[in-house]
Amino acid sequence: MYSTLLILHSLFRWLVAASLTGSILFSWRGIKHHLPFSTGMDQLRHWTATIAHLQLMIGLTLYFKSPLTRLSIPASGNMRQELMFFKYAHILMMIISIILLTIGSAKAKRAEGAALKYKTVLIWYSIALLIILAAIPWPFSPLAARPYMRF
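Residues numbered from 1 in each chain as written. Predicted model: local features only at pLDDT ≥ 70, side-chain atom pairs only at ≥ 80, totals over all residues. Heavy atoms only, no water.

Draft legend 1. Summary view of the confidence of the model for the chain. Chain-level pLDDT for the chain is 90 on average; 94% of the residues reach the 70-or-more range. Helix α5 (residues 114-135) holds the highest mean pLDDT among the elements of the chain, 97, whereas helix α3 (residues 67-70) holds the lowest, 72. (pLDDT = per-residue confidence, 0-100. Helix = DSSP H or I, 4+ residues; strand = E, 2+ residues; numbered from the N terminus.)

Structure below.
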């Protein structure tokens, strides 16, 4: 089960990044060209939040099943740094980003007027994406390097 969750979590990270990027780009375009907030854009806003919530649920399950985060013995060097990253920084930053994304989605849903809806999605989703990008264990990360995709 653990390895299946790792693969799903790795896959879903790209779905979250793609849907957030799409939502941000369409919002920017909507603001720039004074477009109406279409049903398609509203669906994109909704599904972006839904995909992010699914990713969070997979991540939380992994967090409580992971041998790394369950490790309570004193570690040293890179192992300690990796342990601290996954046990505290990664989970905290991801939860914060999903909270911000959820707030942005709810505010955009209730906003009056297309321009305000687009602006709300653009701001809140951009902040969430920046936090997510900072918290991902990229292969080049000095904190905890992981491959781009797990199989």
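Draft legend 2. Highlighting the layout of surface pockets. In this structure, the largest pocket encloses a volume near 590 Å³. It is helix α2 (residues 39-65) that contributes the most residues to the lining of the largest pocket, seven residues altogether. Tallied by class, residues from the lining of the largest pocket come to 18 nonpolar, seven polar and three charged. (1 Å grid on protein atoms, 1.4 Å probe; cavity = no way out; pocket = protein on both sides within 12 Å on 5 of 7 lines; lining within 4 Å. Points joined across faces, edges and corners; volume = space filled by probe spheres on them. Nonpolar A, V, L, I, M, F, W, Y, C, P; charged D, E, K, R; others polar.)

Draft legend 3. Main features of the packing of aromatic side chains. Applying the stated criterion across every chain yields a total of five aromatic pairs. Geometry around W138 places R13 over its ring, the cationic atom sitting 5.9 Å from the centre. (Phe/Tyr/Trp six-rings, centres within 6.5 Å; stacked < 30°, edge-to-face > 60°. Lys NZ or Arg CZ within 6 Å of the ring centre and 35° of its normal.)

Draft legend 4. Structural view of the packing of helix α1 (residues 2-32) against α5. Running from N to C, α1 and α5 cross one another at 145°; their axes reach a closest spacing of 8 Å. Handedness of the crossing formed by α1 with α5: left-handed. Between α1, through V16, L20, T21, S23, I24, F26, S27, W28, G30 and I31, and α5, the contact on the second element is made entirely by A115, Y118, K119, V121, L122, Y125, S126, L129 and I132. For the contact of α1 with α5, the class distribution of residues is 13 nonpolar, five polar and one charged. (Axes fitted to C-alpha atoms, helices over the stretch in contact; angles between N-to-C directions. Left-handed = near helix turned anticlockwise from the far one by under 90°. Contact = heavy atoms within 4.5 Å.)

Draft legend 5. Spatial organisation of the pattern of salt bridges. All told, the structure shown has one salt bridge when counted by the stated rule. Linking R45 and D42 is a salt bridge whose minimum nitrogen-to-oxygen distance equals 2.9 Å. Residue R45 and its partner D42 are located together in helix α2, separated by three residues, close to a single helical turn. (Salt bridge = Lys/Arg side-chain N within 4 Å of Asp/Glu carboxyl O.)

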